[in-house]
Amino acid sequence: MDEDQLNTLFSNGILVDSSIKDTNISDVYGLIRSLKEKNVNFLDINTFHDLYNGEASTDSDIEIIKNYEGEISESKPPNWVNYFNDRFNRLKTILINKDRSGLSSLSNIKNMPQSSDVKSIVMVSSVSISPVKKYTILDIEDNTGSYKAIITNSNQEILEDQVVMISGRKYNDAIFVKDIIFPEIQMREKVKQEIDDSFILFLSDIHVGSKLFVNDAFERFIKWINGEIPEYSNIAKLVKFIVLNGDLIDGIGVYPDQEKELAILDLKGQYDKLYSFLDRIPKNIKLILSQGNHDATHIAEPQPKLDKTFADSLYKLKNAVFLSNPYQVNLIIGKAKINLLSYHGFSITYYANKIPKYSKMDADDIENIMKIHLKSRHIAPSHGSTQLMPLPRDYLVIEETPDIYATGHIHKTLASIYKGTVLINSSCWQYQTSYQKKYGMDPDVAKVPIVNMRDKSFQILDFLGDKVQTYKKGLKEA
Ligand SMILES: [Fe+2]
Ligand SMILES: [Fe+2]
């Protein structure tokens, strides 16, 4: 809304709430007529929506950087060699951009004299520890062949299938490693953007359809976002985007005996119920929906956007955007741009099981595993850490450093920062299931991480109790 429109509203006796300031109004006189017909002389965002029933637009926008559109691999049987070559080449490009000097292929290194200083970009095909001297022994490969590398003094965590740049000395048909460079994200400077406070909310793992879905808390959230709850209403009215990061419904047949814990026994019914909630969110807020392992699609990643066969009701939401898992976008408000990488988070569980020191799956562990992703520039670096679609392109490579990396799946809360990138894990809306109880997983329920687009500051709100309040567990100070 511009200055002239504001003055026109004032001179017609209409007071304007700040929540409406970012809204584009094409026909201000039509708006005044509608307000006068209804005897309304105070305009806030909810009144605006009531009048326009979902036609509102704001200056918020979404620019897609990476989104899997559902194309399938032409080759039969699936071509895993092409898939891994694509991954290797994409990560190699990132590493070459860090340091291109003195690189040799493994086939060239094999022909070099003993004691040569060597440097190469390789994929680590296996990691083992020598029983006597406790050295780390790597089997490494590139497009030209395979070799061995030995690390004698490293504290660095190196994992199978990571692509790294190693440098060292050739000796006895192995490279004795001096240095390892990971593709690693770049440092994101903390810049204050020239906009007013504008918030992104992160929800995931709503699990609608489960008997354990926390209906009361989700109702509280919907009331809050509509400005009907006083606590933190200053935030509610400045929310521009809600990211819904998979496991939107509980699904069917996802874990043994799940049907005993289901309140809604069909997928369409579960999505319809979710629609009944999301339709009550003010339409000036953009909803970005993606899927997880409980949703009605294949588990292998990348997962295409929600299937209309089951989720047709959600496609009626005029303010919703449907994307793949994972995806990367720019969220735009006026002149401000926030680069968001969103991934449901399936591979996090693999690393929690694989690396004993991360097995508690508390906020620190989740943070450390998300750092592995960013350091490897891949959301599931080790083969087997998630199920994969062997497409000609590897959508799981992190090509651009994000401002925010958001995950879910673990049913825990995290808001932290690493190299200027905000790390989010967005809890869940489901009490502990019998399956989680069996494995000692104790969920954080109904917590909502929030990031301010203006300065990337973050906090977590708790909707579980009677009052909406801040939540400190899982919140790491910047
Ligand atoms: Fe979940
Ligand atoms: Fe999940």
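Computed from a prediction, not measured in an experiment: that's the story for all the values here.

Rules and cut-offs
- Residues numbered from 1 in each chain as written.
- Chains lettered and ligands numbered in written order.
- Predicted model: local features only at pLDDT ≥ 70, side-chain atom pairs only at ≥ 80, totals over all residues.
- Helix = DSSP H or I, 4+ residues; strand = E, 2+ residues; numbered from the N terminus.
- Rg over C-alpha atoms; globule rule 2.2 N^0.38 Å.
- Buried ≥ 20, exposed ≤ 12 C-beta atoms within 10 Å, placed from the backbone.
- Contact = placed C-beta atoms within 7 Å.
- Axes fitted to C-alpha atoms, helices over the stretch in contact; angles between N-to-C directions.
- Parallel < 35°, antiparallel > 145°, perpendicular 65-115°, else oblique.
- Pairing = 2+ DSSP bridges.
- Domains from an automatic or database assignment.
- Nonpolar A, V, L, I, M, F, W, Y, C, P; charged D, E, K, R; others polar.
- Core = buried A, V, L, I, M, F, W, Y, C linked by C-beta atoms within 7 Å.
- Expected span 1.5 Å × (residues − 1).

### Some points on the overall build of the chain
For the chain, the helix and strand inventory stands at 12 helices and 22 strands. A compact globule built from 478 residues would reach a C-alpha radius of gyration of about 23 Å, and the chain, at 25 Å, matches this within 12%. Overall, the C-alpha framework of the chain stretches about 90 × 55 × 45 Å when taken along its three principal axes. Residues counted as buried form 43% of the 478 residues belonging to the chain. Once local pairs closer than 6 in sequence are excluded, the contacts in the chain between residues at least 24 apart make up 69%.

### So, the packing of helix 10 (residues 346-354) against helix 11 (residues 363-376)
Between helix 10 and helix 11, whose axes approach to 10 Å, the crossing angle comes to 110°. As far as their axial angle goes, helix 11 and helix 10 are roughly perpendicular. Between helix 10 and helix 11, the residues in contact are Ile-348, Tyr-351 and Ala-352 and Asp-365, Ile-366, Ile-369 and Ile-372, respectively.

### Observations concerning the sheet that holds strand 8 (residues 145-151)
Pairing within the closed barrel is mixed, and its 5 strands lie in the order 6-7-8-10-9. For this sheet, the mean inter-axis angle between neighbouring strands, taken without regard to orientation, is 55°. Here 6 bridges tie strand 6 (residues 117-129) to strand 7 (residues 136-142), and the two strands are oriented antiparallel to one another. Its bridge partner being in strand 7, Val-127 is matched across the sheet by Leu-138. Those strands touched by helix 4 (residues 80-98) are strand 6, strand 9 (163-170) and strand 10 (175-181), and its axis lies near 60° from that of strand 9.

### Examining the domain arrangement of the chain
Much of the literature gives interface size as the accessible area that the parts lose upon coming together. Domain boundaries assigned for the chain yield domain 1 (3-58), domain 2 (61-70 + 189-470) and domain 3 (99-181). On a C-alpha basis, the centroid separation for the pair domain 2 and domain 3 is 38 Å. The interface is formed by 5 residues belonging to domain 2 together with 4 residues belonging to domain 3. In terms of residue class, the side of domain 2 that touches domain 3 is made up of 2 nonpolar, 3 polar and no charged.

### Concerning the environment of Lys-110
By secondary structure assignment, the location of Lys-110 is in helix 5 (residues 106-111). Here the alpha-carbon distance between Lys-110 and Tyr-147, two residues 37 residues apart in the chain, equals 8.0 Å. Excluding anything up to four places from it in sequence, Lys-110 contacts Gly-145 and Tyr-147.

### Here we look at the sheet that holds strand 20 (residues 447-452)
Strands sit in the order 14-13-12-11-20-21-22 across an open sheet of 7 strands; the sheet is mixed. The open sheet has two free edges, formed respectively by strand 14 (320-322) and strand 22 (469-470), since each of these has just one partner strand. Direction of pairing for strand 11 (residues 199-203) relative to strand 12 (residues 239-245): parallel, over a ladder of 5 bridges. In the sheet register, Leu-203 faces strand 12, and the bridge partner there is Leu-244.

### Considering the pairing of strand 10
Where strand 8 lies against strand 10, 2 bridges are found, and the strand directions are parallel. Looking at strand 10, one finds that Ala-149 is bridged to Ile-175. As defined by bridge partners, strand 9 adjoins strand 10 across 6 bridges and the pair is classed as antiparallel. Within strand 10, the residue paired with Gly-168 across the bridge is Val-177. Between strand 9 and the antiparallel strand that follows it, strand 10, lie 4 residues; Asn-172 among them carries a positive phi value of about 50°.

### Focus: the nonpolar core
Membership of the largest hydrophobic core comes to 111 residues, with the highest contact counts inside it found for Ile-200, Ile-242, Leu-287 and Leu-289. Among the elements that make up this core, the one with the highest residue count is helix 11 (6 residues). Looking at this core, you find at least three residues from each of domain 2 (61-70 + 189-470) and domain 3 (99-181). Setting aside chain neighbours within four positions, we find Leu-287 in contact with Ile-242, Leu-244, Leu-278, Ile-281, Leu-317, Asn-319 and Ala-320.

### A closer look at unusual backbone geometry
Along the chain, Glu-301 connects to Pro-302 via a cis peptide bond; the corresponding omega equals 5°. Locating Pro-302 in the fold gives a position in the loop between strand 13 (286-290) and helix 9 (308-311). In this structure, the amide linkage connecting Asn-325 to the following residue, Pro-326, adopts the cis form with an omega of 0°. You can see Pro-326 is positioned in the loop between strand 14 and strand 15 (327-333). With phi around 60°, Asp-257 is a residue other than glycine that occupies positive phi space. With respect to the helices, strands and loops of the structure, Asp-257 is situated in the loop between strand 12 and helix 8 (267-278). The phi dihedral of His-411 falls on the positive side, at around 60°, and the residue is not glycine.

### A look at helix 11
Spacing of three or four residues puts side chains on the same side of an α-helix, whose turn is 3.6 residues. Helix length check: helix 11 (14 residues) gives 20 Å between terminal C-alpha atoms against 20 Å at 1.5 Å per residue, within 8%. Of all 14 residues in helix 11, 10 are buried; the element is thus mostly enclosed. All of the buried residues in helix 11 are Ala-363, Asp-365, Ile-366, Ile-369, Met-370, Ile-372, His-373, Leu-374, Lys-375 and Ser-376. Among the structural elements, helix 10, strand 17 (404-407), strand 18 (413-418) and strand 19 (421-426) are those in contact with the buried residues of helix 11. Once helix 11 finishes, Arg-377 follows within two positions and takes phi at roughly 50°, a positive value.

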